[in-house]
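What follows is the residue order along each chain.
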Amino acid sequence: MSTKTGLPTAATYVFVNMLRKLRDDFSPEYLAAVFDVAAPTFRDQQAEALTTVRRFDLKTQTFQEVEYHGYKANRAEMPGELVLQLPSIRRALEAYRIPILELAGYEADDVIGTLARQAAERSYSVYVVSSDKDMLQLVNERVHVLNPPKDNLICDAAKVEEILGVPPERVVDVMALRGDSIDNIPARRHRDKGSVELIKRFGSVEETLARAAEVEKKDLSGVPAE
């Protein structure tokens, strides 16, 4: 999909249609769109202090020092066709009078999480529109995650536990054990089931690390995160 001049429009078309459907299906009292800022965040600053990280080698049962290349060092650039459509998406939001929020030094996820908690504390019912599993850690009695591509799936605490195997307050522990190769998070990756079982067994990532000697090899993926 593109204009006569060749400007791609598929992403804009999908975004506007999803936005219209959300408004029709849920009639939100308040609505905002949050964007990342094309600038370093506090995580980049923290990562600059790391030049190497320790990786555990299952075969030798020893730690090895390896070079660390920085936060999100492995992430590919945004596709060019999508970059070209961002101005059109912003204009669509402005036409709908939907505020565009962004904060230098922070990612969009940070802003979304902060606003979700603040609104919940003021007794609002909050729906975070996202397909990112990281957002599931925000879920509580007032905060839900809404996933439009999955037929408007609404995740409450019970659904989070059904999807990930742990309640929302333990999502961060499971994700920490698994690591994130795309964001270049220097952590050991575990099998999906293994990470859940470890958190169920030990209660937290801190306790899991403290009792690492009790962890069986079957719970490990055998492939260290880069």
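Definitions and cut-offs
Residues numbered from 1 in each chain as written. Predicted model: local features only at pLDDT ≥ 70, side-chain atom pairs only at ≥ 80, totals over all residues. Heavy atoms only, no water. Pairing = 2+ DSSP bridges. Helix = DSSP H or I, 4+ residues; strand = E, 2+ residues; numbered from the N terminus. Axes fitted to C-alpha atoms, helices over the stretch in contact; angles between N-to-C directions. Contact = heavy atoms within 4.5 Å. Buried < 20%, exposed > 50% of the residue type's maximum accessible area, 1.4 Å probe, protein only. Salt bridge = Lys/Arg side-chain N within 4 Å of Asp/Glu carboxyl O. pLDDT = per-residue confidence, 0-100. Patch = residues over 30% accessible without salt bridge, like charges linked within 9 Å, V, L, I, M, F, W, Y side chains within 5 Å. Areas by Shrake-Rupley, 256 points an atom, 1.4 Å probe, with all protein chains shown as cover. Phe/Tyr/Trp six-rings, centres within 6.5 Å; stacked < 30°, edge-to-face > 60°. Lys NZ or Arg CZ within 6 Å of the ring centre and 35° of its normal.

A. Up close: the sheet that holds strand β7 (residues 153–155). Read from one edge to the other, the open sheet built from three strands follows the order β5-β6-β7, with strand pairing classed as mixed. One side of each edge strand has no neighbouring strand; the edge strands of this open sheet are β5 (126–129) and β7. Strand-to-strand twist in this sheet, taken as the mean axis angle between neighbours without regard to direction, amounts to 30°. Packed onto the sheet, helix α4 (residues 108–121) meets β5 and β6 (143–147) and runs at close to 165° relative to β5.

B. Structural detail: the side chain of Ser 88. Secondary-structure assignment places Ser 88 in helix α3 (residues 80–95). Exposure remark for Ser 88: the relative accessible area of 17% places this residue in the buried category.

C. Main features of the pattern of salt bridges. Throughout the structure, instances matching the rule amount to seven salt bridges. Among the charged side chains, a salt-bridge network with shared partners connects Arg 201, Glu 207, Arg 211 and Glu 214.

D. Spotlight on the confidence of the model for the chain. Of the residues in the chain, 83% reach a pLDDT of 70 or more, and the chain-wide mean stands at 84. Ignoring residues within four places in sequence, the model shows residues 221–226, a span with pLDDT below 50, making 18 contacts including any to other chains.

E. Geometry of a nonpolar patch on the surface. A surface patch of nonpolar side chains, amounting to about 350 Å² of accessible area, comprises Met 1, Tyr 13 and Val 14. Mapped onto the elements of the fold, Met 1 is located in the segment before α1 (10–26).

F. Up close: the packing of aromatic side chains. Taken as a whole and judged by the stated rule, the model has two aromatic pairs. Centroid distance Phe 26 to Tyr 127: 6.3 Å. Interplanar angle 35°. Geometry classified as tilted. With a gap of 101 residues between them, Phe 26 in helix α1 and Tyr 127 in strand β5 connect regions that are remote in the sequence. Since its relative accessible area comes to 32%, Phe 26 is described here as partly exposed. Ring centres 5.8 Å apart and planes at 90° place the aromatic pair Tyr 30 and Tyr 124 in the edge-to-face group. Of the two residues, Tyr 30 is situated in the loop between α1 and β1 (33–34) and Tyr 124 in the loop between α4 and β5; the sequence distance between them amounts to 94 residues. Classification of Tyr 30 as exposed rests on a relative accessible area of 58%. The cationic tip of Arg 90 hangs over the ring face of Phe 35; the distance from NZ or CZ to the ring centre is 4.5 Å.

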